[in-house]
Amino acid sequence: MAALMAAEVAEGWDQSLRLGARQAPWLRQWRPLRIIKVLAAAGGETRFVGGCVRNALIGWHDSDIDLATTLPPEAVRGALEAAGLNVVPTGIEHGTVTAVLAHQPFEITTLRRDIETDGRRAVVAFTTDWREDAARRDFTINAMSADLDGRLFDYFGGIEDARTGRIRFVGAAIERIGEDYLRILRYFRFHAWYGQGATDPATLAVIRDTVDGLDRLAVERITHEVLRLLSARQPAEAWAGMASTGAAARVIGHDGDLPVLTRLEAIDSGVRDTHAALRRLAALCPPGDASAAGDRLRLSRKQSAHLAGIDAAIAGAHGVRDTDQARRLAYRYGPAVAADALLIARARGAKAPGRRLVRQWQPPSFPLRGTDALALGVPRGPDLGRVLGAVEDWWVAGDFQADRQSCLVELRRQVGTVGGTTDPA
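In this text, all values refer to a predicted model and were calculated from it rather than measured experimentally. (Residues numbered from 1 in each chain as written. Predicted model: local features only at pLDDT ≥ 70, side-chain atom pairs only at ≥ 80, totals over all residues. Heavy atoms only, no water.)

(A) Geometry of the overall build of the protein. A count of helical and extended segments in the protein gives 22 helices and 10 strands. Expected size for 425 residues packed as a compact globule is a radius of gyration near 22 Å; at 28 Å, the protein overshoots this value by more than 25%. Each principal axis of the C-alpha atoms in the protein carries an extent, and together these give about 90 × 50 × 40 Å. The 425 residues of the protein split such that 49% are buried. Of the contacts formed within the protein by residues at least 6 apart in sequence, a portion of 64% connects residues at least 24 apart. Only carbon and sulfur atoms are counted for the fraction: they give 49% of the accessible area of the protein, which is about 19,400 Å². (Helix = DSSP H or I, 4+ residues; strand = E, 2+ residues; numbered from the N terminus. Rg over C-alpha atoms; globule rule 2.2 N^0.38 Å. Buried < 20%, exposed > 50% of the residue type's maximum accessible area, 1.4 Å probe, protein only. Contact = heavy atoms within 4.5 Å. Areas by Shrake-Rupley, 256 points an atom, 1.4 Å probe, with all protein chains shown as cover.)

Here you go:
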């Protein structure tokens, strides 16, 4: 393998290393082939790059298909439009256009080299040198490319790193991080998704020395990486590395409760849903403090509401002992929030049964409305809310079994406690 890697570094690829259509189905998909043939007719060499190549090597097939080419961006745009393809200049000043074929987008980026970097963004020049372009990428596993025949071009040992789960910067880590401090978080995110074992001590030492650079980044970029990291099946090992370097405290204000995250990782490993990252974020925070981390990350209104719901539900989740209590928690806070609160409570040592049932349960609608109380003479204002709230609590305590007529009977009883009149019927 060492001799093979030396050949790859020297020549860029080895004839014996090819991706097949079974590994890389995009090699036979008409959409990217159409783009590559159009650009070839215009005089450009185009290859598959980045995540689709990396994921094909490890048996994953759920990555976007990105392309790189030797043609300058205006030539790419002109050739594609002349061929009748829909083109969006998504980042043409940085060399990227997006072609859309049959509603599927494909990013096509001209080969680049860095002229100037400041830790946040780069000034680039276009090139036709594939190795030069690969050298500016962050990790070896992201610096590979493949041509239409499936031949792999690997200048920095990415094949071996992908197969062994090693996340390694291209060249010197200090240089790659200095070009863009977001690569600190990208290192941990890629380790969570693709790494095996503990994070590399030498890399952690470099990150520890450069972690202040995170303060220079836009919060939105940080949040994107943190949520993607926490969406991985097993993020705890990567988060431990973040905590040891000070990166965790930079992004959420503290190191995070790693033991709770580790236990949650084991508990919810089979639970795949859109709230996984938010659930892990809440688990890292002290009880009731998840909203503060969400504010720091400037989450969306919907995401912030979910964290606030977990903050509100978590105390009740710790007290849940049976499925009836779990359903009541779900009725009050919603099934998604209640299910997350129950998982976190279990990770913190509570018994908290009923999570699976809660996720599938559809809360019933309370049979009464404000007009029912108004019809009995209850005035608008605090009394109206208290009366309806008392009946609803009674209905919930009865496991939602009482029908509308039974609730109306209870409403009449409650109306008497606030001095209202009763319905003669």
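Now that the structure has been shown, we can carry on.
(B) Structural view of helix 21 (residues 382-397). For helix 21, with 16 residues, the first-to-last C-alpha span of 22 Å sits near the 22 Å given by 1.5 Å per residue. Looking only at helix 21, the buried set comprises L384, V387, L388, V391, W395 and V396. Along the axis of helix 21, the buried positions cluster into a sector of 170°, meaning they face one direction only. Seen from the open side of helix 21, the exposed residues pointing more than 90 degrees away from its buried face are P382, R386, D393 and A397. Among the residues trailing helix 21, D399 stands out with phi positive, at a value near 60°. (Expected span 1.5 Å × (residues − 1). Arc of directions from axis to C-beta.)

(C) Up close: the layout of surface pockets. Here the largest pocket is characterised by a volume of approximately 1,700 Å³. Lining of the largest pocket is provided by 48 residues; of these, D66, E107, R137, D138 and R186 occupy positions nearest its centre. With seven residues, helix 8 (residues 182-194) is the single largest residue contributor to the lining of the largest pocket. Class assignment for the residues of the lining of the largest pocket results in 13 nonpolar, 15 polar and 20 charged. (1 Å grid on protein atoms, 1.4 Å probe; cavity = no way out; pocket = protein on both sides within 12 Å on 5 of 7 lines; lining within 4 Å. Points joined across faces, edges and corners; volume = space filled by probe spheres on them. Nonpolar A, V, L, I, M, F, W, Y, C, P; charged D, E, K, R; others polar.)

(D) View of the pattern of salt bridges. According to the stated counting rule, one finds 25 salt bridges in the structure shown. Ionic pairing is found between D114 and R136, a salt bridge with its closest N-O pair at 2.8 Å. A residue pair is termed long-range when its members are at least 10 positions apart, and D114 in strand 7 (residues 112-117) and R136 in the loop between helix 5 (130-135) and strand 9 (145-146) qualify at 22 residues. Here D268 ties to R279 by a salt bridge, and the two come within 3.0 Å at their closest N and O atoms. Of this pair, D268 sits in the loop between helix 13 (258-267) and helix 14 (276-284) while R279 sits in helix 14, and the two are 11 residues apart along the sequence. By relative accessible area, which is 0% here, R279 ends up buried. Three or more residues joined by partner-sharing salt bridges are found here, namely D268, D273, R279, R280 and D340. (Salt bridge = Lys/Arg side-chain N within 4 Å of Asp/Glu carboxyl O.)

(E) Local environment of the environment of A341. Topologically, A341 is positioned in helix 18 (residues 335-347). Taking the relative accessible area as the measure of exposure, A341 reaches 0% and is therefore buried. Along the chain, A341 and G370 lie 29 residues apart, while their C-alpha atoms are 30 Å from each other. Sequence-distant contacts of A341, defined by excluding residues within four places in its chain, comprise A313, I314 and A317.

(F) Just the confidence of the model for the protein, in detail. With 93% of its residues at a pLDDT of 70 or more, the protein shows a mean pLDDT of 90. Scored below 50 in pLDDT, residues 1-15 shows 28 contacts in the model against residues more than four places distant or in partner chains. This stretch, residues 420-425, has a pLDDT under 50; its non-local contacts, to residues over four places away or in other chains, come to nine contacts. (pLDDT = per-residue confidence, 0-100.)

(G) View of the environment of R28. Within the element layout of this structure, R28 appears in the loop between strand 1 (13-18) and helix 2 (30-41). Separated by 188 residues in sequence, R28 and R216 have C-alpha atoms that sit 43 Å apart. Once residues within four sequence positions are removed from consideration, R28 is found in contact with A21, L33 and L148.

(H) View of the environment of L264. Structurally, the position occupied by L264 is in helix 13. Residue L264 is classed as buried on the basis of its relative accessible area of 0%. Those residues in contact with L264 that lie beyond four places of it in its chain are R279, R280, A283, L343, I344 and A347.

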